[in-house]
Amino acid sequence: MRLEDLNYFLEVAQAGHVGRASEKLGQSQPALTKGVQRLEQELGIPLFESSAKGMTLTSAGAVFFERV
């Protein structure tokens, strides 16, 4: 598990949007998306649900957020 992927996850979870999170972290949106996808693949669970309005945590994502 990469520390930067955890940081990306936390920032996207707090911002609720990949674009806002990428601006705050100074990283590209694709980099954050890839980091979150790597984390989801490693954990074997979806952490976010994507919609036109942004990203919301799944129930498993919310539990993971609390523990991280």
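Parameters at a glance
Per chain, the residues get numbers from 1 upward, laid out in the order the sequence is written. Only residues with pLDDT of at least 70 are given local features in this predicted model, and only at 80 or more are side-chain atom pairs given and counted; all residues enter the totals for whole chains, interfaces and linings. Just so you know, side-chain values use all the structure's heavy atoms and leave hydrogens and water out. Secondary structure counts use DSSP, requiring at least four H or I residues in a row for a helix and at least two E residues in a row for a strand, with both numbered from the N terminus. Accessibility here uses a 1.4 Å probe with only protein chains present; expressed as a share of the type maximum, an area under 20% marks a residue as buried, one over 50% as exposed, and anything in between as partly exposed. Should any heavy atoms of two residues lie within 4.5 Å, those residues are considered in contact. Just so you know, the count uses Lys and Arg for positive and Asp and Glu for negative, and it drops His and the chain ends. In plain terms, the charge of a residue is placed at NZ if it is Lys, CZ if Arg, CG if Asp and CD if Glu. Put simply, a nonpolar core is a bunch of buried Ala, Val, Leu, Ile, Met, Phe, Trp, Tyr and Cys residues held in one set by side-chain atoms that sit within 4.5 Å of each other. Working definition: rings of Phe, Tyr and Trp (its six-membered ring) pair if their centres are within 6.5 Å, and the pair is stacked with planes under 30 degrees apart, edge-to-face with planes over 60 apart, and tilted otherwise. With axes taken as lines fitted to C-alpha atoms, and helix axes fitted only over the stretch in contact, angles between N-to-C directions fall between 0 and 180 degrees. To sort the angles, those under 35 degrees are grouped as roughly parallel, those over 145 as roughly antiparallel, those from 65 to 115 as roughly perpendicular, and the leftovers as oblique. Each residue receives one of three labels: charged for Asp, Glu, Lys and Arg, nonpolar for Ala, Val, Leu, Ile, Met, Phe, Trp, Tyr, Cys and Pro, and polar for the others, Gly being one of them.

Colleague: Which parts of the structure should I look at to understand the overall build of the protein?
Modeller: Helix and strand counts for the protein come out as 4 helices and 2 strands. Secondary structure elements in the protein, listed N-terminal to C-terminal, are α-α-α-β-β-α. Overall, the C-alpha framework of the protein stretches about 25 × 25 × 20 Å when taken along its three principal axes. In the protein, which comprises 68 residues, the share counted as buried stands at 35%. A separation of at least 24 residues holds for 48% of the contacts in the protein among residues at least 6 apart in sequence. Side chains of the protein carry 7 positive and 8 negative charges; the gap between the two charge centres is 3 Å.

Colleague: So what exactly am I meant to see when it comes to the nonpolar core here?
Modeller: Residues Phe9, Val12, Leu32, Leu39, Leu47, Phe48 and Phe64 are the most contacted members of the largest nonpolar core, which totals 14 residues. When residues of this core are traced back to their parent elements, those giving at least two are α1 (3–15), α2 (18–25) and α3 (29–43). Sorting elements by how many residues they give to this core places α1 first, with 5 residues. For Leu47, the contacting residues outside a window of four places in its chain are Phe9, Leu39, Glu40, Thr56, Leu57, Thr58, Gly61 and Phe64.

Colleague: How should the packing of aromatic side chains be read in this particular structure?
Modeller: The description of two aromatic rings rests on the distance between their centres and on the angle between their planes. Taken as a whole and assessed by the stated rule, the structure comprises 3 aromatic pairs. Seen in terms of ring centroids, Phe9 and Phe65 are 6.3 Å apart; in terms of plane orientation they differ by 65 degrees. Their pairing is edge-to-face. Placement of Phe9 in helix α1 and of Phe65 in helix α4 (residues 59–67) is noted, with a sequence separation of 56 residues between them. By relative accessible area, Phe9 is classed as buried at 0%. Among the aromatic residues, those joined into a ring-pair cluster are Phe9, Phe48, Phe64 and Phe65.

Colleague: Can you walk me through the packing of α2 against α3 in this structure?
Modeller: Each pair of packed helices can be summarised by the angle the axes make with each other and by the distance between the axes. Put simply, α2 and α3 touch, their axes get as near as 9 Å, and they point 110 degrees apart. When the axis of α2 is compared with that of α3, the two are roughly perpendicular. Residues Val18, Gly19, Ala21, Ser22 and Leu25 of α2 pack against Gln29, Leu32 and Thr33 of α3. Taken together, the residues of the contact of α2 with α3 break down into 4 nonpolar, 4 polar and no charged.

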